[in-house]
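What follows is each chain in one-letter form.
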Amino acid sequence: MASEESADAARLLPSFERRFLAARTLRSFPWQSLEEKLRDSSGPELLLNILQKTVKHPLCVKHPPSVKYARCFLSELIRKHEAVHTEPLDELYEALAEVLMAEEPTQCHRSYLLPSGDSVTLSESTAIISHGTTGLVTWDAALYLAEWAIENPAAFAHRTVLELGCGAGLTGLAICKMCCPSAYVFSDCHTCVLEQLRGNILLNGLSLEPDTADPARHPGRNAYNSQSPRVIVAQLDWDVVTAPELAAFRPDVIIAAGQAGIPWEAVPHHDQKLFPYEEHSDMEILKLTL
(Lines give C-alpha, C1' and ligand atoms only; values in the text may rest on other atoms or scores of the structure.)
Protein backbone atom coordinates (compact mmCIF):
# COMPACT_ATOMS: atom_id res chain seq x y z
CA MET A 1 0.00 0.00 0.00
CA ALA A 2 2.84 2.38 0.87
CA SER A 3 4.51 1.78 -2.47
CA GLU A 4 1.21 2.49 -4.25
CA GLU A 5 0.84 5.80 -2.38
CA SER A 6 4.42 6.66 -3.26
CA ALA A 7 3.75 5.99 -6.94
CA ASP A 8 0.61 8.17 -6.89
CA ALA A 9 2.55 11.00 -5.27
CA ALA A 10 5.32 10.62 -7.83
CA ARG A 11 2.77 11.18 -10.60
CA LEU A 12 1.28 14.19 -8.82
CA LEU A 13 4.54 16.03 -8.14
CA PRO A 14 5.59 16.63 -11.79
CA SER A 15 2.16 18.05 -12.55
CA PHE A 16 2.48 20.62 -9.77
CA GLU A 17 6.10 21.30 -10.69
CA ARG A 18 5.51 21.97 -14.40
CA ARG A 19 2.45 24.14 -13.80
CA PHE A 20 4.00 26.22 -11.04
CA LEU A 21 7.29 26.82 -12.86
CA ALA A 22 5.32 28.01 -15.89
CA ALA A 23 2.95 30.05 -13.67
CA ARG A 24 -0.17 28.46 -15.12
CA THR A 25 -3.60 29.38 -13.77
CA LEU A 26 -4.31 27.86 -10.36
CA ARG A 27 -7.48 26.20 -11.63
CA SER A 28 -5.32 24.01 -13.91
CA PHE A 29 -3.62 22.30 -10.94
CA PRO A 30 -4.81 18.82 -9.88
CA TRP A 31 -6.23 20.03 -6.57
CA GLN A 32 -8.85 17.30 -6.33
CA SER A 33 -6.22 14.59 -6.67
CA LEU A 34 -4.16 16.33 -4.00
CA GLU A 35 -7.11 16.42 -1.58
CA GLU A 36 -7.69 12.69 -2.08
CA LYS A 37 -4.02 11.94 -1.39
CA LEU A 38 -4.02 14.15 1.72
CA ARG A 39 -7.06 12.32 3.12
CA ASP A 40 -5.29 9.01 2.66
CA SER A 41 -2.03 10.24 4.18
CA SER A 42 -1.31 10.99 7.80
CA GLY A 43 2.06 12.69 7.32
CA PRO A 44 3.20 15.98 5.78
CA GLU A 45 5.62 14.42 3.28
CA LEU A 46 3.50 15.05 0.18
CA LEU A 47 2.97 18.74 0.92
CA LEU A 48 6.63 19.21 1.81
CA ASN A 49 7.61 17.59 -1.49
CA ILE A 50 5.21 19.85 -3.38
CA LEU A 51 6.74 22.85 -1.62
CA GLN A 52 10.22 21.77 -2.75
CA LYS A 53 9.00 21.24 -6.33
CA THR A 54 7.33 24.66 -6.51
CA VAL A 55 8.12 27.66 -4.32
CA LYS A 56 11.40 26.18 -3.08
CA HIS A 57 12.43 24.81 -6.48
CA PRO A 58 16.01 25.86 -7.35
CA LEU A 59 14.77 27.56 -10.53
CA CYS A 60 12.22 29.59 -8.57
CA VAL A 61 14.71 30.54 -5.89
CA LYS A 62 17.11 31.82 -8.56
CA HIS A 63 14.47 33.25 -10.90
CA PRO A 64 11.36 34.09 -8.83
CA PRO A 65 7.84 33.93 -10.23
CA SER A 66 5.30 36.69 -9.68
CA VAL A 67 4.93 37.47 -5.97
CA LYS A 68 1.15 37.60 -6.33
CA TYR A 69 1.14 34.23 -8.06
CA ALA A 70 3.29 32.58 -5.37
CA ARG A 71 1.08 34.08 -2.65
CA CYS A 72 -2.13 32.78 -4.22
CA PHE A 73 -0.60 29.33 -4.76
CA LEU A 74 0.62 29.00 -1.17
CA SER A 75 -2.72 30.24 0.19
CA GLU A 76 -4.53 27.55 -1.80
CA LEU A 77 -2.05 24.91 -0.67
CA ILE A 78 -2.61 25.90 2.95
CA ARG A 79 -6.39 25.74 2.48
CA LYS A 80 -6.12 22.20 1.13
CA HIS A 81 -3.96 21.20 4.09
CA GLU A 82 -6.28 22.79 6.69
CA ALA A 83 -9.33 21.14 5.14
CA VAL A 84 -7.88 17.72 5.93
CA HIS A 85 -5.40 18.13 8.82
CA THR A 86 -5.91 20.09 12.03
CA GLU A 87 -2.20 20.32 12.82
CA PRO A 88 -0.59 23.33 11.06
CA LEU A 89 2.43 22.77 8.85
CA ASP A 90 5.02 25.38 9.81
CA GLU A 91 6.93 25.17 6.53
CA LEU A 92 3.88 26.31 4.55
CA TYR A 93 3.28 29.35 6.75
CA GLU A 94 6.96 30.26 6.76
CA ALA A 95 7.03 30.15 2.96
CA LEU A 96 3.90 32.33 2.80
CA ALA A 97 5.41 34.83 5.27
CA GLU A 98 8.50 35.17 3.04
CA VAL A 99 6.32 35.87 0.02
CA LEU A 100 4.14 38.40 1.88
CA MET A 101 7.24 40.43 2.75
CA ALA A 102 8.46 40.54 -0.86
CA GLU A 103 7.69 43.41 -3.23
CA GLU A 104 5.97 42.78 -6.57
CA PRO A 105 8.27 43.83 -9.44
CA THR A 106 7.05 44.59 -12.96
CA GLN A 107 8.89 41.51 -14.27
CA CYS A 108 8.57 37.87 -13.21
CA HIS A 109 10.02 34.56 -14.37
CA ARG A 110 8.52 31.44 -15.93
CA SER A 111 10.45 28.23 -16.51
CA TYR A 112 9.73 25.32 -18.85
CA LEU A 113 11.33 21.90 -18.37
CA LEU A 114 12.77 20.20 -21.46
CA PRO A 115 13.05 16.42 -22.09
CA SER A 116 16.85 16.72 -21.95
CA GLY A 117 16.72 17.77 -18.31
CA ASP A 118 17.55 21.34 -19.28
CA SER A 119 15.03 24.17 -19.03
CA VAL A 120 14.06 27.46 -20.64
CA THR A 121 13.65 30.33 -18.19
CA LEU A 122 12.05 33.59 -19.32
CA SER A 123 11.78 37.02 -17.79
CA GLU A 124 8.32 38.31 -18.64
CA SER A 125 6.01 41.18 -17.83
CA THR A 126 3.54 40.60 -15.01
CA ALA A 127 0.86 42.29 -17.16
CA ILE A 128 -0.65 40.73 -20.30
CA ILE A 129 -0.54 44.11 -22.05
CA SER A 130 2.47 46.27 -21.29
CA HIS A 131 4.14 49.13 -23.19
CA GLY A 132 1.38 48.85 -25.78
CA THR A 133 2.14 45.23 -26.72
CA THR A 134 1.18 41.67 -25.78
CA GLY A 135 4.62 40.39 -26.82
CA LEU A 136 6.14 40.56 -23.34
CA VAL A 137 4.46 37.32 -22.20
CA THR A 138 4.44 33.76 -23.53
CA TRP A 139 1.29 32.57 -25.30
CA ASP A 140 0.03 29.00 -25.67
CA ALA A 141 0.74 29.02 -29.41
CA ALA A 142 4.47 29.38 -28.67
CA LEU A 143 4.36 26.40 -26.29
CA TYR A 144 2.54 24.29 -28.86
CA LEU A 145 4.99 25.18 -31.63
CA ALA A 146 7.94 24.43 -29.32
CA GLU A 147 6.49 20.98 -28.61
CA TRP A 148 6.11 20.28 -32.31
CA ALA A 149 9.69 21.40 -32.96
CA ILE A 150 11.10 19.17 -30.22
CA GLU A 151 9.26 16.19 -31.72
CA ASN A 152 10.47 17.10 -35.23
CA PRO A 153 14.11 18.19 -34.75
CA ALA A 154 15.10 17.20 -38.30
CA ALA A 155 13.11 20.17 -39.59
CA PHE A 156 15.62 22.49 -37.91
CA ALA A 157 18.89 20.56 -37.51
CA HIS A 158 21.88 22.27 -39.16
CA ARG A 159 19.60 24.88 -40.71
CA THR A 160 19.16 28.63 -40.42
CA VAL A 161 15.81 29.38 -38.79
CA LEU A 162 14.02 32.74 -38.92
CA GLU A 163 11.18 33.26 -36.44
CA LEU A 164 8.65 36.03 -37.02
CA GLY A 165 7.06 37.65 -33.97
CA CYS A 166 9.08 35.65 -31.44
CA GLY A 167 7.86 37.57 -28.36
CA ALA A 168 9.49 36.41 -25.13
CA GLY A 169 11.51 33.78 -27.02
CA LEU A 170 10.21 30.44 -25.73
CA THR A 171 9.93 28.67 -29.09
CA GLY A 172 13.31 29.78 -30.36
CA LEU A 173 15.15 28.99 -27.14
CA ALA A 174 13.61 25.51 -27.05
CA ILE A 175 14.68 24.91 -30.67
CA CYS A 176 18.19 26.22 -29.99
CA LYS A 177 18.56 23.87 -27.01
CA MET A 178 16.89 20.79 -28.48
CA CYS A 179 17.02 20.83 -32.30
CA CYS A 180 20.63 21.79 -33.23
CA PRO A 181 19.98 24.61 -35.73
CA SER A 182 23.10 26.12 -37.27
CA ALA A 183 21.73 29.63 -36.76
CA TYR A 184 18.60 31.19 -35.31
CA VAL A 185 17.19 34.63 -36.05
CA PHE A 186 14.73 35.93 -33.45
CA SER A 187 12.66 38.78 -34.86
CA ASP A 188 9.95 41.09 -33.59
CA CYS A 189 8.82 44.63 -34.30
CA HIS A 190 8.53 46.14 -30.81
CA THR A 191 11.62 47.66 -29.19
CA CYS A 192 10.58 46.66 -25.64
CA VAL A 193 10.01 43.08 -26.78
CA LEU A 194 13.46 42.99 -28.40
CA GLU A 195 15.12 44.39 -25.28
CA GLN A 196 13.50 41.74 -23.07
CA LEU A 197 14.28 39.07 -25.66
CA ARG A 198 18.00 39.83 -25.66
CA GLY A 199 18.02 39.40 -21.89
CA ASN A 200 16.21 36.06 -22.13
CA ILE A 201 18.67 34.75 -24.71
CA LEU A 202 21.60 35.58 -22.42
CA LEU A 203 19.70 34.24 -19.40
CA ASN A 204 19.58 30.84 -21.12
CA GLY A 205 23.30 30.66 -21.80
CA LEU A 206 23.34 31.58 -25.48
CA SER A 207 25.57 34.21 -27.05
CA LEU A 208 24.27 36.99 -29.26
CA GLU A 209 25.77 38.02 -32.59
CA PRO A 210 26.38 41.79 -32.81
CA ASP A 211 23.40 43.67 -34.24
CA THR A 212 24.03 44.38 -37.88
CA ALA A 213 22.12 45.49 -40.95
CA ASP A 214 24.75 44.02 -43.28
CA PRO A 215 23.26 40.95 -45.03
CA ALA A 216 26.76 39.60 -45.61
CA ARG A 217 27.12 39.15 -41.86
CA HIS A 218 23.80 37.46 -41.38
CA PRO A 219 23.90 33.71 -40.61
CA GLY A 220 24.21 31.63 -43.77
CA ARG A 221 23.68 28.03 -44.74
CA ASN A 222 27.22 26.96 -43.88
CA ALA A 223 27.38 28.65 -40.48
CA TYR A 224 27.19 25.39 -38.53
CA ASN A 225 30.57 24.96 -36.89
CA SER A 226 29.82 24.54 -33.21
CA GLN A 227 27.35 22.92 -30.85
CA SER A 228 25.63 26.23 -30.10
CA PRO A 229 23.82 28.00 -32.93
CA ARG A 230 24.64 31.50 -34.04
CA VAL A 231 21.94 33.75 -32.62
CA ILE A 232 20.77 37.09 -34.00
CA VAL A 233 18.00 39.42 -32.85
CA ALA A 234 16.43 41.48 -35.64
CA GLN A 235 13.74 44.14 -35.70
CA LEU A 236 11.21 43.06 -38.30
CA ASP A 237 7.54 43.85 -38.72
CA TRP A 238 6.07 40.80 -40.45
CA ASP A 239 3.12 42.90 -41.66
CA VAL A 240 5.33 45.06 -43.87
CA VAL A 241 8.60 43.12 -44.26
CA THR A 242 9.65 42.60 -47.88
CA ALA A 243 10.90 39.45 -49.57
CA PRO A 244 14.41 40.91 -50.07
CA GLU A 245 14.59 41.76 -46.34
CA LEU A 246 13.74 38.16 -45.42
CA ALA A 247 16.09 36.74 -48.06
CA ALA A 248 18.97 38.74 -46.60
CA PHE A 249 18.96 36.37 -43.62
CA ARG A 250 19.27 33.35 -45.95
CA PRO A 251 16.76 31.31 -43.93
CA ASP A 252 16.17 27.63 -44.61
CA VAL A 253 13.09 27.65 -42.38
CA ILE A 254 10.70 30.45 -41.42
CA ILE A 255 8.37 29.90 -38.47
CA ALA A 256 5.78 31.94 -36.59
CA ALA A 257 3.39 31.25 -33.70
CA GLY A 258 -0.08 32.74 -33.72
CA GLN A 259 0.23 34.65 -37.00
CA ALA A 260 -2.88 35.11 -39.14
CA GLY A 261 -3.62 36.36 -42.61
CA ILE A 262 -0.96 34.18 -44.29
CA PRO A 263 -1.78 31.16 -46.50
CA TRP A 264 -0.90 28.00 -44.51
CA GLU A 265 -1.80 24.34 -44.75
CA ALA A 266 -2.12 21.99 -41.80
CA VAL A 267 0.52 19.38 -41.00
CA PRO A 268 0.04 16.30 -38.76
CA HIS A 269 -0.34 16.86 -35.03
CA HIS A 270 2.47 15.94 -32.67
CA ASP A 271 2.05 13.38 -29.90
CA GLN A 272 3.91 14.55 -26.81
CA LYS A 273 2.56 17.03 -24.27
CA LEU A 274 5.62 18.65 -22.71
CA PHE A 275 4.37 22.04 -21.60
CA PRO A 276 1.32 23.01 -19.52
CA TYR A 277 -1.19 24.94 -21.62
CA GLU A 278 -4.98 24.89 -21.82
CA GLU A 279 -6.08 21.34 -22.62
CA HIS A 280 -8.86 22.48 -24.95
CA SER A 281 -6.89 25.10 -26.85
CA ASP A 282 -7.72 25.06 -30.54
CA MET A 283 -4.24 24.96 -32.10
CA GLU A 284 -2.54 23.25 -35.00
CA ILE A 285 0.78 23.41 -36.81
CA LEU A 286 0.55 24.98 -40.25
CA LYS A 287 2.91 24.98 -43.22
CA LEU A 288 3.33 28.05 -45.38
CA THR A 289 2.10 27.65 -48.93
CA LEU A 290 3.40 29.93 -51.67
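Preceding this section is the structure that the text describes.
Our subject in this report is the structure included herewith. What you see is a predicted model; the values in this text were computed from it and never measured.

About the thresholds
Residues numbered from 1 in each chain as written. Predicted model: local features only at pLDDT ≥ 70, side-chain atom pairs only at ≥ 80, totals over all residues. Heavy atoms only, no water. Helix = DSSP H or I, 4+ residues; strand = E, 2+ residues; numbered from the N terminus. Expected span 1.5 Å × (residues − 1). Buried < 20%, exposed > 50% of the residue type's maximum accessible area, 1.4 Å probe, protein only. Arc of directions from axis to C-beta. Contact = heavy atoms within 4.5 Å. Pairing = 2+ DSSP bridges. Axes fitted to C-alpha atoms, helices over the stretch in contact; angles between N-to-C directions. Core = buried A, V, L, I, M, F, W, Y, C linked by side-chain atoms within 4.5 Å. Right-handed = clockwise from strand over helix to strand, strands pointing away. Polar contact = N/O pair within 3.5 Å; in protein donor to acceptor, adjacent residues only side chain to side chain. Salt bridge = Lys/Arg side-chain N within 4 Å of Asp/Glu carboxyl O.

Right, let's get into helix 6 (residues 90-101). The end-to-end C-alpha distance of helix 6 is 17 Å, a good match for the 16 Å that 12 residues give at a rise of 1.5 Å each. When we look at burial in helix 6, the residues that qualify are Leu92, Ala95, Leu96 and Val99. Down the axis of helix 6, the sector holding all buried residues measures 100 degrees, keeping them to one side. If you follow the buried residues of helix 6, they end up packed against helix 3 (45-53) and helix 5 (67-84).

With parallel pairing, four strands are arranged side by side in an open sheet as 5-4-3-6. Edge positions in the sheet fall to strand 5 (230-235) and strand 6 (253-256), since each has one partner strand and no second. Neighbour-to-neighbour, the strand axes of the sheet open up by a mean angle of 20 degrees, direction not taken into account. One ladder, built from six bridges, connects strand 4 (residues 183-188) with strand 5; its direction is parallel. In the sheet register, tyrosine 184 faces strand 5, and the bridge partner there is valine 231. Lying on the sheet, helix 8 (residues 170-178) is in contact with strand 3 (160-164), strand 4, strand 5 and strand 6; it crosses strand 4 at an angle near 175 degrees. Strands in contact with helix 9 (residues 191-203) are strand 4 and strand 5; relative to strand 5, the strand with the most contacts, it is inclined by about 170 degrees.

Core analysis: the largest hydrophobic core is formed by 32 residues, its most contacted members being Phe156, Phe186, Ile201 and Ile255. Every element with two or more residues in this core is listed here: strand 2 (119-125), helix 7 (140-151), helix 8, strand 4, helix 9, strand 5 and strand 6. At six residues, helix 7 tops the list of elements feeding residues into this core. Once residues within four sequence positions are removed from consideration, isoleucine 201 is found in contact with Leu173, Phe186, Leu206, Leu208, Val231 and Val233. Formed by 30 residues, the second largest nonpolar core is a distinct cluster that contains Leu59, Cys60, Leu92 and Ala95.

In this section: the pairing of strand 3. Extensive coverage of strand 3 is indicated by the burial of five of its five residues. Side chains Thr160, Leu162 and Leu164 of strand 3 all project onto a buried face; the interleaved residues Val161 and Glu163 project onto the opposite face, where all are buried too. For strand 3 and strand 4, the ladder comprises four bridges, and the chain directions are parallel. Across the sheet, the residue bridging to leucine 162 is valine 185, located in strand 4. Handedness of the crossover is the feature at issue here: the chain leaves strand 3, passes through helix 8, returns alongside strand 4, and the resulting connection is right-handed. Relative to strand 6, strand 3 is paired through four bridges, and the arrangement is parallel. Looking across to strand 6, one finds that valine 161 is bridged to valine 253.

Relative to the helices and strands, threonine 121 resides in strand 2. A polar side-chain atom of threonine 121 sits 2.8 Å from a polar atom in the side chain of serine 111.

Glancing now at the pattern of salt bridges. One pass over the full model with this rule turns up 10 salt bridges. Across the pair arginine 39 and glutamate 35 runs a salt bridge whose closest N-O atoms are separated by 3.3 Å. With a gap of four residues between them, arginine 39 and glutamate 35 both fall in helix 2 (residues 31-40), about one helical turn apart. For arginine 39, a relative accessible area of 54% corresponds to the exposed category. A salt bridge links aspartate 118 to lysine 177; the shortest N-O distance between them is 3.5 Å. Separated by 59 residues along the polypeptide, aspartate 118 in the loop between strand 1 (107-113) and strand 2 and lysine 177 in helix 8 bring together distant segments of the chain. Take aspartate 118: its relative accessible area is 35%, and that puts it in the partly exposed class. With a relative accessible area of 24%, lysine 177 lands in the partly exposed category.

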